Amino acid sequence: MRRDLKTLVILALAILANGAGNLSLSYGMKSVGPPEAWTLPGLWDVVGTALSSAPVIAGGLLLLMFFALFLSLLSWADLSYVLPMISTCFVVSALLGYLVLGERISLVRWAGIALVSIGVLLVGRTGSSSDAAKSPAP
Amino acid sequence: MTTALLVGLIVVCFSFGDIALTRGMKQAGEVSSLRLAVLDEVGGRAIRSPFVLLGGALQIVAFVTYLVALSRRDLSYVFPLTATSDIVTTVAARYMLHERVTPMRWAGVVIVSLGIALISAS
């Protein structure tokens, strides 16, 4: 597979895993509920309940998968490319919260979503790896 | 410790954590395919890489500091400030990892950081 294509595919997978993971965690934690008291035993109860919630576990696994995909990207692509591109996660999470969880998005937040999207389009037009620019890939 | 110091610590740990992770993963070798044998080989080297371990540790310190900062100030105050870490990371990637950061990439990074700050400030 060509490197550019591979980069975009893994980026897309990472962003999807992050979005689905956060959605699942958010959904799961809402039914777990806030701690009854902000004390160590109170927090411990929340951790215990969270760890027996299927959506929370699924969310955690998806975020682990995200981190593995992020590390894979760093094994060939520039950090200064991957980091801004992965910010698409903020847009996807906000949109998923809006579409699936019925969260409200303020005008300022819509403006932020637009800015991130414009920035990602700009960075996306630069080559993903400095090494490839210096010497042709074998 | 003041919130400014906490935010500074978060930004430094996130940025240098990412730099260390990148350095370690470049040494571990390219994930050339998603075949299990390749993942096992590169993953094995990554887990034993001092740079990857250092990067992971710095990220954990950053996250815990982030939680401490959140316990003192609102999320909509702390998080936009940590968005500056992307800019610090890009400068560090340019000089420590010798990545080629073109003007277009710079423009993109700055616009993305502004966008993240807006999303989280509201």
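What counts as what
- Residues numbered from 1 in each chain as written.
- Chains lettered and ligands numbered in written order.
- Predicted model: local features only at pLDDT ≥ 70, side-chain atom pairs only at ≥ 80, totals over all residues.
- Helix = DSSP H or I, 4+ residues; strand = E, 2+ residues; numbered from the N terminus.
- Expected span 1.5 Å × (residues − 1).
- pLDDT = per-residue confidence, 0-100.
- Buried ≥ 20, exposed ≤ 12 C-beta atoms within 10 Å, placed from the backbone.
- Axes fitted to C-alpha atoms, helices over the stretch in contact; angles between N-to-C directions.
- Parallel < 35°, antiparallel > 145°, perpendicular 65-115°, else oblique.
- Contact = placed C-beta atoms within 7 Å.
- Nonpolar A, V, L, I, M, F, W, Y, C, P; charged D, E, K, R; others polar.

S.K.: What should I look at first to understand helix α1 (residues 3-28) of chain B in this one?
M.R.: Residues three or four positions apart in an α-helix share a direction because the helix packs 3.6 residues into each turn. The terminal C-alpha atoms of α1 of chain B lie 37 Å apart, and with 26 residues this matches the ideal 38 Å at 1.5 Å per residue to within 8%. Looking one or two residues beyond α1 of chain B, the residue adopting positive phi is Gly-29 of chain B, at roughly 105 degrees.

S.K.: Is there a simple way to explain the confidence of the model for chain B in this structure?
M.R.: Detailed reading of the predicted model is not advised wherever pLDDT is low. Residue and element names in this part refer to chain B. When pLDDT is averaged along chain B, the result is 89; 98% of the residues meet or exceed 70. Here helix α4 (residues 75-82) stands out as the least confident element of chain B, with mean pLDDT 78; helix α5 (residues 85-96) is the most confident, with 94. As scored by the predictor, the complex reaches a pTM of 0.86 and an ipTM of 0.88.

S.K.: Would you take a moment to explain unusual backbone geometry for this structure?
M.R.: Residues apart from glycine generally show negative phi values, whereas peptide bonds are mostly found in trans. Residues and elements named next belong to chain B. A positive phi angle, near 55 degrees, is found at His-98, a position not held by glycine. Inspection of the secondary structure assignment puts His-98 in the loop between α5 and α6 (103-121). By C-beta crowding, His-98 is classed as exposed, having 11 other C-beta atoms within 10 Å.

S.K.: Is there a simple way to explain the packing of α4 of chain B against α6 of chain B in this structure?
M.R.: Any two packed helices are characterised by the angle at which their axes cross and by the distance between the axes. Residues and elements named next belong to chain B. Two numbers describe how α4 lies on α6: the axes approach to 8 Å, and their chain directions differ by 170 degrees. Between α4 and α6, the interaxial angle falls into the category roughly antiparallel. Within the contact between the two elements, α4 uses Ser-76, Phe-79 and Pro-80 and α6 uses Ala-117, Ser-120 and Ala-121. For the contact of α4 with α6, the class distribution of residues is four nonpolar, two polar and no charged.

S.K.: It is not clear to me how the interface of chain B and chain A should be interpreted in this structure. Could you clarify?
M.R.: The figure often quoted for interface size is the accessible area lost as the parts come together. With 36 residues of chain B at the interface, the matching set in chain A holds 30 residues. Listed by contribution, the elements that provide at least two residues to the side of chain B that touches chain A are α1, α2 (36-48), α5 and α6 of chain B. If one sorts the elements of the side of chain B that touches chain A by residue count, α6 of chain B sits on top with 13 residues. In terms of residue class, the side of chain B that touches chain A is built from 20 nonpolar, eight polar and eight charged.

S.K.: Looking at this structure, how should I read the environment of Leu-73 of chain A?
M.R.: Among the secondary structure elements, Leu-73 of chain A is positioned in helix α3 (residues 54-74). Along the sequence, Leu-73 of chain A and Leu-40 of chain A sit 33 residues apart, while their C-alpha atoms lie 38 Å from each other.

S.K.: What should I look at first to understand the confidence of the model for chain A in this one?
M.R.: Summing up the model confidence of chain A, the mean pLDDT is 86 and the portion of residues at 70 or higher is 94%. Here helix α7 (residues 130-134) of chain A stands out as the least confident element of chain A, with mean pLDDT 63; helix α4 (residues 79-86) of chain A is the most confident, with 94.

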